[in-house]
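One letter stands for each residue in the lines below.
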Amino acid sequence: MDLGLKGRKALVCAASKGMGRACAESLAREGCDVWITARHADLLEATAAAIRKTTGAKVTAVPGDIATEAGRQAALAACSDPDILVNNAGGPPTGDFRKFSAADWSAALEANMLAPIYLMKATIDGMTRRRFGRIVNITSSTVKQPFASLALSNGARSGLTGFVAGLAREVARHNVTVNNLLPGSIDTERSEVFVTNHAKARGISREDARAELEKEIPAGRFGSAAEFGEACAFLCSAQAGYITGQNLLVDGGAYPGTF
Ligand code: NAD
């Protein structure tokens, strides 16, 4: 299916690795011009070069920390009027909420709630004027099915989710959609951390820990970043114009509810 994205401008945040990178790759393959951000310039440029090579697309690396005003300004200076915005940042630390300081909470809110909101604020009016916009926020399945140890993530991402629910309805009539994509267990460096933690907690090997975690997933496996990227590209497609304000799980069926 041609997703109708040729020549669209896509700004994909936190995209040197993992799901951000996969989203950038899928959008580049669909013919978008892509701007990618991440903090480490060398790795980011290597990722941009790799995506250029595999897709032939125009890919621009914009180094910077998206959780800071300077990082966001750099991204917006390079790509001031994106048609597509994929919001992403690293996840906050896990642990007992009693041990988190005010600074820990501020950092989680900056990265996982406020940065996406500020970027939407800076770009959404241009999208409504041009009568095309697609915004995808990478959040987490734990917004729907929280774990106590992910206190910082649960709090910050739920704030973003509530904000998006209102915003999506305000801009829908302008062919601008805002959706959240909720990863379950996706094979990336971040999920490696969870496998290692599970192994430590259970006193078992990494391989056994991974097998235990996979057994809990109806699909029987972790998802790939590429599968996640393709879901993102579809939400950004011309065809997906009537899908907005949604929280779409990409979790192999792990969330057990009917809705
Ligand atoms: P990853 O560690 O593989 O990649 C994260 C990317 O974000 C890297 O390119 C990193 O350089 C970049 N990055 C991190 N913080 C940044 C910042 N402040 N500014 C700019 N770039 C930054 O992670 P991933 O697995 O792709 O996860 C992406 C998001 O999804 C994270 O918030 C994570 O917590 C969440 N998540 C992941 C899973 C999973 O199974 N992988 C599940 C649920 C939620």
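Residues numbered from 1 in each chain as written. Predicted model: local features only at pLDDT ≥ 70, side-chain atom pairs only at ≥ 80, totals over all residues. Heavy atoms only, no water.

- As annotated in an unreviewed UniProt entry, the chain is Dehydrogenase from Hypericibacter terrae.
- For the chain, the Sequence similarities (unreviewed entry) comment in UniProt is given as "Belongs to the short-chain dehydrogenases/reductases (SDR) family." (UniProt positions renumbered as here; feature names shortened; annotations may be inferred.)

### Focus on the domain arrangement of the chain
Then, in step 1: The domains assigned to the chain are domain 1 (9-185 + 225-250) and domain 2 (186-221).
Then, in step 2: Each partner contributes residues to the interface: domain 1 has 14 residues there, and domain 2 has nine residues.
Then, in step 3: Both sides together, the interface formed by domain 1 and domain 2 hides about 850 Å², and carbon and sulfur atoms give 54% of it.
Then, in step 4: Of all residues in domain 1, K17, S185 and E227 give up the largest surface area on contact with domain 2, accounting jointly for 43% of the area buried on that side.
Then, in step 5: Along the contact surface separating domain 1 from domain 2 lie two salt bridges.
Then, in step 6: Note that E227 is salt-bridged to R221, the shortest N-O span being 2.8 Å.
Then, in step 7: Remark: the boundary between domain 1 and domain 2 carries four residue pairs in polar contact (both at pLDDT 80 or more).
Then, in step 8: Those elements that provide at least two residues to the side of domain 1 that touches domain 2 are α1 (18-29) and α8 (225-235).
Then, in step 9: If you tally residues by element for the side of domain 1 that touches domain 2, the top one is α8, at three residues.
Then, in step 10: Grouping the amino acids of the side of domain 1 that touches domain 2 by side-chain chemistry returns seven nonpolar, five polar and two charged. (Domains from an automatic or database assignment. Contact = heavy atoms within 4.5 Å. Buried area = accessible area lost by both parts, 1.4 Å probe. Salt bridge = Lys/Arg side-chain N within 4 Å of Asp/Glu carboxyl O. Polar contact = N/O pair within 3.5 Å; in protein donor to acceptor, adjacent residues only side chain to side chain. Helix = DSSP H or I, 4+ residues; strand = E, 2+ residues; numbered from the N terminus. Nonpolar A, V, L, I, M, F, W, Y, C, P; charged D, E, K, R; others polar.)

### Some words on the site of the ligand
Then, in step 1: Contacts to the ligand come from 27 residues, most closely from S16, M19, D65, A89 and T188.
Then, in step 2: With respect to the ligand, the side chain of T188 contributes an N or O atom lying 2.4 Å from an oxygen atom.
Then, in step 3: Contact between the ligand and R190: an oxygen atom at 3.1 Å from a side-chain N or O atom of the residue.
Then, in step 4: Burial of the ligand by the protein chains amounts to 92% of its free accessible area of 830 Å².
Then, in step 5: When residues of the shell around the ligand are traced back to their parent elements, those giving at least two are α1 and α6 (189-202).
Then, in step 6: Element by element, the count of residues in the shell around the ligand is highest for α6, at three residues.
Then, in step 7: The residue makeup of the shell around the ligand, split by class, is nine nonpolar, twelve polar and six charged.
Then, in step 8: When residues of the shell around the ligand are assigned to domains, at least three fall in each of domain 1 (9-185 + 225-250) and domain 2 (186-221). (Near = heavy atom within 4 Å. Areas by Shrake-Rupley, 256 points an atom, 1.4 Å probe, with all protein chains shown as cover.)

### As for the pattern of salt bridges
Then, in step 1: Throughout the structure, instances matching the rule amount to 14 salt bridges.
Then, in step 2: Salt-bridge contacts for D81 lead to K9; the nearest nitrogen and oxygen are separated by 2.4 Å. Separated by 72 residues along the polypeptide, D81 in the loop between α3 (69-78) and β4 (84-87) and K9 in strand β1 (residues 9-12) bring together distant segments of the chain.
Then, in step 3: Several salt bridges share partner residues, and in doing so they unite D187, R210 and E214 into one network.

### Brief notes about α6
Then, in step 1: With 14 residues, α6 extends 20 Å between its outermost C-alpha atoms, agreeing within 8% with the 20 Å of an ideal straight helix rising 1.5 Å per residue.
Then, in step 2: Of all the positions in α6, only S191, V195 and A199 are classed as buried. Within α6, the buried residues cover an arc of 90° as seen down the axis, which keeps them to one side. Across α6 from its buried face, at more than 90 degrees, point the exposed residues E189, K200 and A201. (Expected span 1.5 Å × (residues − 1). Buried < 20%, exposed > 50% of the residue type's maximum accessible area, 1.4 Å probe, protein only. Arc of directions from axis to C-beta.)

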